[in-house]
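Chain and residue survey
Listed below are the residues making up each chain.
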Amino acid sequence: MKDKLIFLSALQIAFSSLPLLASPLVSVGDFADIFGSSSSSVRSTSNVFRDADNEQNEIVYTVSPGFELNLGRGQSNLETILTTSYDIVEYSDHPEVDAEMFHIRAVGAYRSSRWDVDAIASFDERQSAASATTDTNLVGVLIKTEDVTTSLNGEYRMSPKFSCSSGINYVNKEYIEHKGILADYEYTYLPFNFYYEWTPKVDLSIGYRYGIREIQATAFAAAYETTTHFLNVGARGVLSEKLTGSVRVGYSLRDSESTGGISRDNSDGTIGLDGNLSWATTPKLLNEISFSRDFGVSGDGNATELTSVGLMSSYLISNNWSLGSNLDYTLRDYQDNSDRKDEQYSIGLNLNYIPNTYWRFSTGYYYSENDSSEADRSFDDHTIMITASLRY
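Residues numbered from 1 in each chain as written. Predicted model: local features only at pLDDT ≥ 70, side-chain atom pairs only at ≥ 80, totals over all residues. Heavy atoms only, no water.

**Focus: unusual backbone geometry**
Among all residues except glycine, the phi angle is most often negative; among peptide bonds, the trans geometry is most common. Applied cut-off: Secondary structure elements follow DSSP: runs of H or I of four or more residues count as helices, runs of E of two or more count as strands, with numbering from the N terminus. Relative accessibility thresholds used throughout: buried, under 20% of the residue-type maximum; exposed, over 50%; partly exposed, between the two (1.4 Å probe, protein chains only).
Phi at R50 is positive, roughly 55°, even though this residue is not glycine. Relative to the assigned elements, R50 resides in the loop between strand 2 (32-45) and strand 3 (58-64). When its relative accessible area of 26% is taken as the criterion, R50 is described as partly exposed.

Shown next as structure tokens:
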């Protein structure tokens, strides 16, 4: 443990020796800037494997060097940001689960008088506890995944009053270990929306989203695919004097079809929700609420119905200090011949200090709990984290 602390301290000292220049690390002509972006953290957790019967305390050290490439600088209609980081994660009492994980993300935007186009592509290596998301009790292990996400969405203004949007979005999750137990999947969805300018600040919408999810076979279940349809109405913009954001409500329908030789054909429906709203209680207090209700899939390939609500608040104490909080709730209802329901709660409080444009320090406490109707699936965890970040 002492060696790890020395390592993190040395890293921070090395960062401190860099000149804090008010310019990028590297500039390429008048169009591109390259920044360094690094962080290190220490996290103390009371239940590292999320195991109700065998809680194990752990201290986790993470160092994440990376960089950021900005193209455009606001001088053209097209702007792109590319960010990468490489996580080096060490566990004080369980070195067998030490990991190194790579992340890369590209975000592009094009703006013109009639077109708004946004594109995202990302690749992430992740490691997390298994018990919260799988029916199979994998005790004492952390699950590694590779996640690929891409999206291309655009909106076209047909007239001062009418506009329409569409796009294509793709998600791929691959489990690196335990492939006989955990199910890889691919999810592709296409949204279509038609907007009417009701007032200069508010648009009304009617929309439809089509999705197809392909779930791979495991040792316990055959492969299958689902198609989903979400017909909705909504509103976006400045909805009141202090309330801004978007909300959609409608009906979601899911059809399942087996592709592995075992009958799994069925269909079901539910109320669908998708929203994100923010409001300023005072000039210093900003709040945001997000909510959704949709279909999903668990780690072992079990079809689920997900309902989630999240509330975040940020209070500006001064120009350098801020206080943040979060409160989240998720209900995961397992659909495939299962009476299992999981209710997940999480709450957090963090304090942030930003002394200048280069450094950011934060510390926080977070509590999470899973209350499951299935035996051995419930757990709780207390986490304290300290993080230092540098952009240069």
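**Quick notes on the pairing of strand 15 (residues 285-297)**
For a regular strand, side-chain orientation follows a simple rule: the groups alternate between the two sheet faces. Stated formally: Strand pairing is defined by DSSP finding a minimum of two bridges between the two strands.
Pairing analysis gives nine bridges linking strand 14 (residues 266-282) to strand 15, with the strands arranged antiparallel. Looking at strand 15, one finds that S278 is bridged to E288. Hairpin remark: strand 14 followed by strand 15, antiparallel, with two residues in the connecting loop. Connecting strand 15 to the antiparallel partner strand 16 (residues 303-316) that follows it, the hairpin turn spans five residues, and G301 within it adopts a positive phi of roughly 95°.

**Points about the pairing of strand 11 (residues 202-215)**
Inspection of the sheet shows strand 10 (residues 185-199) paired to strand 11 by 14 bridges, in the antiparallel sense. Each residue of the ladder has a partner; that of Y185, found in strand 11, is I215. Where strand 10 folds back on strand 11, the antiparallel hairpin that results is connected by two residues.

**Regarding the packing of aromatic side chains**
Which entries qualify depends on this criterion: Put simply, two rings from Phe, Tyr or Trp (the six-membered ring, in Trp's case) pair if the centres are within 6.5 Å, and we call them stacked under 30 degrees between planes, edge-to-face over 60, tilted for the rest. Whether a charge lies above a ring is judged from NZ of Lys or CZ of Arg, which has to be within 6 Å of the ring centre and within 35 degrees of the ring normal.
Applying the stated criterion across every chain, the model contains nine aromatic pairs. Ring geometry for W359 against F361: centres 5.4 Å apart, planes inclined by 5°, an arrangement best described as stacked. With relative accessibility at 10%, the residue W359 sits in the buried group. Over the face of the ring belonging to Y187 we find R213, whose NZ or CZ atom lies 4.0 Å from the ring centre. In this arrangement the basic side chain of R236 is found over the ring face of Y195, its NZ or CZ atom lying 3.7 Å from the centre.

**Quick word on a negative patch on the surface**
Selection rule: Patches in this entry comprise residues that are over 30% relatively accessible and not in a salt bridge; like charges within 9 Å are linked, as are nonpolar side chains (Val, Leu, Ile, Met, Phe, Trp, Tyr) within 5 Å. Each accessible area is a Shrake-Rupley estimate made with a 1.4 Å probe; only the visible protein chains count as cover when residues are assessed. One speaks of a salt bridge when a side-chain nitrogen belonging to Lys or Arg is within 4 Å of a carboxyl oxygen belonging to Asp or Glu. Residues counted as positive are Lys and Arg, residues counted as negative are Asp and Glu, and His and the chain ends are not counted. The atom standing in for a charge is NZ when the residue is Lys, CZ when it is Arg, CG when it is Asp and CD when it is Glu.
Taken together, D53, D339, E374 and D376 make up a surface patch of like negative charges. Following the sequence through the fold, D53 ends up in the loop between strand 2 and strand 3. The exposure class of D53 is exposed, given its relative accessible area of 62%.

**Things to note about the environment of L152**
Our working rule: Here, two residues are considered to be in contact whenever any of their heavy atoms come within 4.5 Å of each other.
With respect to the element layout, L152 can be found in strand 8 (residues 142-157). Judged by relative accessible area, which is 45%, L152 ranks as partly exposed. Linking L152 and A121, residues 31 residues apart in sequence, is a C-alpha distance of 8.9 Å. Beyond its immediate sequence surroundings of up to four residues, L152 is in contact with V117, D118, A119, S166, G167 and I168.

**Description of the pattern of salt bridges**
What the rule picks out here adds up to 15 salt bridges. Across the salt bridge formed by D124 and R126, the nearest N and O atoms sit 3.4 Å from each other. Given the relative accessible area of 13%, D124 is considered buried. Taking the shortest distance from any N to any O, the salt bridge between R254 and D268 comes out at 2.9 Å. With a gap of 14 residues between them, R254 in strand 13 (residues 243-258) and D268 in strand 14 connect regions that are remote in the sequence.

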